[in-house]
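Listed below are the residues making up each chain.
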Amino acid sequence: MLAVMQAGVDRTEATGFFRTALGLFYLSSLMTKDTLDFKQIDRDYNRFIYHALGKGHTITSILQYMSGAKVVPVVESKRFLKSFGQLCTEVPVESIPFLLGLNLGVAKDISKIDVRGPVADYIERQRQLREEAES
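A brief look at the structure comes next. Worth saying up front: this structure is predicted, and the values here are computed from it rather than measured.

### Some thoughts on the layout of surface pockets
Roughly 200 Å³ of volume is contained in the second largest pocket. In terms of lining residues, the second largest pocket is bounded by Val 75, Leu 81, Val 93, Glu 94, Ile 96, Pro 97, Tyr 122, Gln 126 and Arg 130. For the lining of the second largest pocket, the elements supplying multiple residues, two or more each, are α7 (96–111) and α8 (118–134). Element by element, the count of residues in the lining of the second largest pocket is highest for α8, at 3 residues. Split into classes, the residues belonging to the lining of the second largest pocket amount to 6 nonpolar, 1 polar and 2 charged.

### A short note on the packing of helix α2 (residues 11–29) against helix α3 (residues 38–53)
α3 packs onto α2 with a crossing angle of 165° between their chain directions and a minimal axis gap of 12 Å. Relative to α3, α2 is oriented roughly antiparallel. The crossing of α2 and α3 is right-handed. Residue-level contacts link Thr 15, Phe 18, Leu 22, Phe 25, Tyr 26 and Ser 29 of α2 to Phe 38, Ile 41, Asp 42, Tyr 45, Phe 48, Ile 49, Ala 52 and Leu 53 of α3. Its residues assigned to classes, the contact of α2 with α3 comprises 11 nonpolar, 2 polar and 1 charged.

### Observations regarding α3
Its 16 residues place the ends of α3 21 Å apart at the C-alpha level, agreeing with the 22 Å of an ideal helix rising 1.5 Å per residue. Looking only at α3, the buried set comprises Ile 41, Tyr 45, Ile 49 and Leu 53. Angular distribution of buried residues about the axis of α3 spans 70°; they occupy a single face of the element. Residues of α3 that are exposed and angled more than 90 degrees away from the buried face: Lys 39 and His 51. The secondary structure elements touched by the buried residues of α3 are α1 (2–5), α2 and α4 (59–66). With its phi angle positive at about 100°, Gly 54 sits one or two positions after the end of α3.

Calculation criteria
Residues numbered from 1 in each chain as written. Predicted model: local features only at pLDDT ≥ 70, side-chain atom pairs only at ≥ 80, totals over all residues. Heavy atoms only, no water. 1 Å grid on protein atoms, 1.4 Å probe; cavity = no way out; pocket = protein on both sides within 12 Å on 5 of 7 lines; lining within 4 Å. Points joined across faces, edges and corners; volume = space filled by probe spheres on them. Helix = DSSP H or I, 4+ residues; strand = E, 2+ residues; numbered from the N terminus. Nonpolar A, V, L, I, M, F, W, Y, C, P; charged D, E, K, R; others polar. Axes fitted to C-alpha atoms, helices over the stretch in contact; angles between N-to-C directions. Parallel < 35°, antiparallel > 145°, perpendicular 65-115°, else oblique. Left-handed = near helix turned anticlockwise from the far one by under 90°. Contact = heavy atoms within 4.5 Å. Expected span 1.5 Å × (residues − 1). Buried < 20%, exposed > 50% of the residue type's maximum accessible area, 1.4 Å probe, protein only. Arc of directions from axis to C-beta.

Here's what the structure looks like:
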């Protein structure tokens, strides 16, 4: 995650790269049939986030960031996609729209907010591009 962060050209972009990479990694780790201890997982992530970014950042805030408009420029950034693809091989770049959709679905279920917006639009654009490529 820290190496992906270094692909950012300034502090804001680097923090966005870190948040997005970590959020994607977290969401992909939930895709298992194993029983998960969310309390322990979140505690471990929060400790890592605190050491990397400092106070005020948690896995919850990262997932909230990933359901907002600021994540779209990150997942459309060629620098982010290249570094994430090379450094986070456990999470295929092609799974990004699915993972963002999963996050939006959970956000909708928990907060009952309307999830239409920039992230949903990005997911839809990616679906259309995938369908065009397949035909």
